[in-house]
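Analysis of the macromolecular model
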Amino acid sequence: MKGKAIFQFEGELLSNTGIDPKQFHRVRGDQWEDVYRKVTDRFADKTRNWKNGLHWANINGYSPQAMKELLGCWPVDCQSWFEKLPQIIQKETEVYFLLDVGDFWLFEGEVLQLVQALRCLTANAFLGLGWVDYYIVSKKYRWIIGMNHHDIVSLVGEGLDVGVLEEKG
């Protein structure tokens, strides 16, 4: 999934949702490596495999330091849990969105536009990518939310409200 596929994906997503590219877009190539490195330095478990990065962190666990900040893991409805993001992420409006497609595709934007993007993506099997794992990360690197293909969401860090995930119904 390298090369031009991310550009096609981004174009199709923005076209299907009508999201303004100023509010949700792919991270520029010259910024991608720095952002990904900061995310993995803060959250990825490199004790088992130094190249592990974030791949399967939402199943195998985050870094030992981040695991001390694990707020919990919840089974969720993959088609709708993200509607609660504005309540979970109350203190920040801009986030990074990482899609695990073998490599990581990295986007940035506002929470409300991410919710809109996730509505489209979950309704369309991630625009043909299938059911991929993804992460939502504070642009201040304070927290990470992981969603895996087993419909389990994990929250790590500070400043997140997990109460809405603990509510029944």
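Please refer to the structure higher up on the page.
Right, let's get into the packing of aromatic side chains. In the structure shown here, the tally under the stated rule is 12 aromatic pairs. Aromatic side chains Phe126 and Trp131 sit 5.8 Å apart centroid to centroid with 80° between the ring planes, which places their arrangement in the edge-to-face category. Look at Phe126 and you get buried, because its relative accessible area is 1%. Looking at Trp131, the relative accessible area reads 44%, which means it is partly exposed. An aromatic cluster of three or more residues is present, and its members are Phe9, Phe24, Phe97, Trp105, Phe107, Phe126, Trp131 and Tyr134.

An order of β1-β4-β3-β5-β6-β7-β2 is seen for the 7 strands of this open sheet, with the pairing classed as antiparallel. Lying at the two open borders of the sheet, with one neighbouring strand each, are β1 (24-26) and β2 (70-75). Pairs of neighbouring strands in the sheet enclose a mean axial angle of 15°, with direction left out of account. Bridge count for β1 against strand β4 (residues 104-110) is 3 bridges, and the pairing is antiparallel. Each bridged residue has a counterpart across the sheet, and for Phe24 the counterpart in β4 is Gly109.

Turning our attention to the pattern of salt bridges. The final tally for this structure, using the stated rule, is 10 salt bridges. Two residues, Arg26 and Glu10, come together in a salt bridge whose shortest N-O distance is 3.0 Å. Within this pair, whereas Arg26 is found in strand β1, its partner Glu10 is found in helix α1 (residues 5-17), the two being separated by 16 residues in sequence. Salt bridges here are not isolated pairs; linked through shared partners, they connect Asp34, Arg37, Lys38 and Asp41.

The rules behind each value
Starting afresh in each chain, residues are numbered from 1 along the sequence in its written order. Where local features are concerned, this predicted model is filtered to residues with pLDDT of at least 70; where side-chain atom pairs are given and counted, the filter is 80 or more; whole-chain, interface and lining totals use all residues. Hydrogen atoms and water are omitted, and side-chain values are computed over all heavy atoms in the structure. Pairing of aromatic rings covers Phe, Tyr and Trp, the last through its six-membered ring, and needs centres within 6.5 Å; plane angles under 30 degrees mean stacked, over 60 mean edge-to-face, and all others mean tilted. Think of it in three bands: residues with accessible area under 20% of the maximum for their type are buried, residues over 50% are exposed, and the middle band is partly exposed, with areas taken using a 1.4 Å probe on protein chains only. Should DSSP find at least two bridges between two strands, the strands are taken to pair. Each helix is a run of H or I in the DSSP string that is no shorter than four residues. Each strand is a run of E no shorter than two, and both are numbered from the N terminus. Only the contacting stretch of a helix is used when fitting its axis, a line to C-alpha atoms as for every element, and angles between N-to-C directions run 0 to 180 degrees. The term salt bridge refers to a side-chain nitrogen of Lys or Arg lying within 4 Å of a carboxyl oxygen of Asp or Glu.

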